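Fold and contact review
In case you want the letters, here they are:
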Amino acid sequence: MEIQDRSPEYPLPVKRVGFRGVVRRVTIKSPLGPLQLTALLDLFVEISEERKGAHLSRNVDAINLLQSIPEESWSLEGYVDAIHSELLDLHPYSSSASVRLRTTYWAPLRAYGIEGVEPVRVTLKVTGTRDSKIYTTSVTVKGLTVCPSAQASISEMLRQEGPSPSHVQKVLLTGTIVVPKLVVIRIEDIASSLWSSLSAPAFTLLKKQQEARLVLEAFKNPKFAEDVVREATARMWCRFGRLLPNGSTIRAEVLSLESIHPQNVYAMTYGTTKELKDLDCATLTR
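First things first, this report covers the structure right here in the doc. Computed from a prediction, not measured in an experiment: that's the story for all the values here.

Given 3.6 residues per turn, any residue in an α-helix points the same way as the ones three and four places further on. For helix α4 (residues 187-195), the buried fraction is high: 7 of the 9 residues fall into the buried class. Within α4, the full set of buried residues consists of Ile187, Glu188, Ile190, Ala191, Ser193, Leu194 and Trp195.

Shown next as C-alpha cells:
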C-alpha cells in the first residue's frame, strides 16, 4: 500500500488538492486561423476522510494524455472539459474535480472606424462530478467610461449643450457565462458585447486622429458603472443567450479605476435564461 492510500491522522475530507499554475501551450482554431496560447492550469481533485493523500503526478498525466489528440481541433472549453474527465478517470477514488484555465486571447476589435486585435483575459473552469458539471467562461476587456453626472453638472454650469468635459475612468469589464453542460460561445462574441457596453473600448495603438475620434465619441456616450453592467448583460443575452441551455446564468461585473476619487467603483449584475428572456433586444444599436 502506498503512503497516499493509508488512513490520515485526522479523518477529514479534503475538498481540493492538486497543482496550481501548471504552464502549457495550447493551439486552438479561431476566426484568425490556428492560434497558439500560453495557458495556466489549476487542477484539483477531492479526497475522502479515509485517504491520506492523492497521487498528484496523475494531475499532470491528465494533461499529457491529451497531447495525442490534435489540439487545434478543440475549443478551450472542450480542452478543459477533457482534462476534467481525465482527472476523474486517473483518480478513481475521487468523486469530483476542478479544472481552471487562464490565458490571454487576441480578439478583433472595431469601433468608430478604428480596427485592432486586442488582448482579453480569459478564464475557463469546469467543476463537479462525472455526471454533474458546471462550466464557467469569463472574459475581461479594458476600456473607459465618461461620468454622466459630472458631465451634466458641467453643462449646466457652463450653460452649454452637447458633450461637456467630465472625468474619465479606465475600466475592467468582465462577462461570465455559467452553464450546466458544455456549450462553446466564441470569445470574440463575448468580448465584442463587452466593448460595445462601454463609453469606448481601449486600443493598443491609436494615431492622433484616431485618438481624437475615440475621445469625442466616448464623451457622446457617458455611462455609470451601473449602466455598463446592465447593458453588457443585455448584449450578451441578445447576441448568444438563446443558444444557452435552461438554467444558465449571464453575469457582468465592472471595476472602475476612478480618476478623481482615491477609491474605485465596482458594480455587478446577473440574470438567468428565464429572467432575461423578455429583454427587448431592438434597443441595442451598436
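A few words now on the nonpolar core. Ranked by internal contacts, the top residues of the largest apolar core, which has 67 residues, are Leu41, Tyr105, Val120, Val139 and Val141. Among residues more than four places away in sequence, those in contact with Val139 are Val120, Arg121, Val122, Leu173, Thr174, Gly175, Ile187, Ile190, Ala191 and Leu194.

Turning to a nonpolar patch on the surface, a few remarks are in order. Taken together, Leu255, Leu257, Tyr266, Met268 and Tyr270 make up a surface patch of nonpolar side chains, about 490 Å² in accessible area. Mapped onto the nonpolar patch, the elements with two or more residues apiece are β8 (249-257) and β9 (265-272). Among the secondary structure elements, Met268 is positioned in strand β9.

The next point concerns the state of the cysteines. Summed over all chains, the structure comprises 1 disulfide. Note that Cys238 is cross-linked by a disulfide to Cys281, the S-S spacing being 1.9 Å. A torsion of -85° about the S-S bond marks the disulfide between Cys238 and Cys281 as left-handed. Separated by 43 residues along the polypeptide, Cys238 in helix α6 (residues 225-240) and Cys281 in the segment after α7 (273-276) bring together distant segments of the chain. With relative accessibility at 27%, the residue Cys281 sits in the partly exposed group.

The subject of this paragraph is the pattern of salt bridges. On inspection of all chains with the given rule, the structure shows 12 salt bridges. Across the salt bridge formed by Glu115 and Arg110, the nearest N and O atoms sit 3.9 Å from each other. On the basis of relative accessibility, which here comes to 61%, the residue Arg110 falls in the exposed class. Shared partners join several salt bridges into a network, and the residues in it are Asp42, Arg100 and Arg102.

Throughout the structure, instances matching the rule amount to 0 aromatic pairs. Sitting over the face of the ring of Tyr93, Arg51 holds its NZ or CZ atom 3.7 Å from the ring centroid.

On to the pairing of strand β3 (residues 97-111), then. Bridging between strand β2 (residues 33-47) and β3 involves 6 bridges; their strand directions are antiparallel. For Val45, the partnering residue across the bridge sits in β3 and is Ala97. Summarising the sheet, β3 and strand β4 (residues 114-128) pair through 15 bridges and their orientation is antiparallel. By the bridge assignment, Arg102 is partnered in β4 with Thr123. Following β3, the chain reverses through 2 residues before pairing antiparallel with β4; Tyr112 in that reversal takes a positive phi of roughly 55°.

This brings us to helix α1 (residues 57-64). When we look at burial in α1, the residues that qualify are Asn59, Ala62 and Ile63. Here the buried residues of α1 occupy an arc of 95° about the axis, which is enough to place them on one side. Close packing links the buried residues of α1 with β1 (14-30), β2 and α2 (76-90).

Moving on to the side chain of Ser166. If you trace the backbone, Ser166 turns up in the loop between α3 (148-158) and β6 (168-179). Judged by its relative accessible area of 17%, Ser166 is buried. A distance of 2.6 Å separates a polar atom in the side chain of Ser166 from the backbone oxygen of Cys147. When neighbours within four sequence positions are excluded, Ser166 is seen to be in contact with Val146, Cys147, Ala150, Gln151, Ile154 and Phe219.

Definitions and cut-offs
- Residues numbered from 1 in each chain as written.
- Predicted model: local features only at pLDDT ≥ 70, side-chain atom pairs only at ≥ 80, totals over all residues.
- Heavy atoms only, no water.
- Buried < 20%, exposed > 50% of the residue type's maximum accessible area, 1.4 Å probe, protein only.
- Helix = DSSP H or I, 4+ residues; strand = E, 2+ residues; numbered from the N terminus.
- Core = buried A, V, L, I, M, F, W, Y, C linked by side-chain atoms within 4.5 Å.
- Contact = heavy atoms within 4.5 Å.
- Patch = residues over 30% accessible without salt bridge, like charges linked within 9 Å, V, L, I, M, F, W, Y side chains within 5 Å.
- Areas by Shrake-Rupley, 256 points an atom, 1.4 Å probe, with all protein chains shown as cover.
- Salt bridge = Lys/Arg side-chain N within 4 Å of Asp/Glu carboxyl O.
- Disulfide = S-S within 2.5 Å.
- Phe/Tyr/Trp six-rings, centres within 6.5 Å; stacked < 30°, edge-to-face > 60°.
- Lys NZ or Arg CZ within 6 Å of the ring centre and 35° of its normal.
- Pairing = 2+ DSSP bridges.
- Arc of directions from axis to C-beta.
- Polar contact = N/O pair within 3.5 Å; in protein donor to acceptor, adjacent residues only side chain to side chain.

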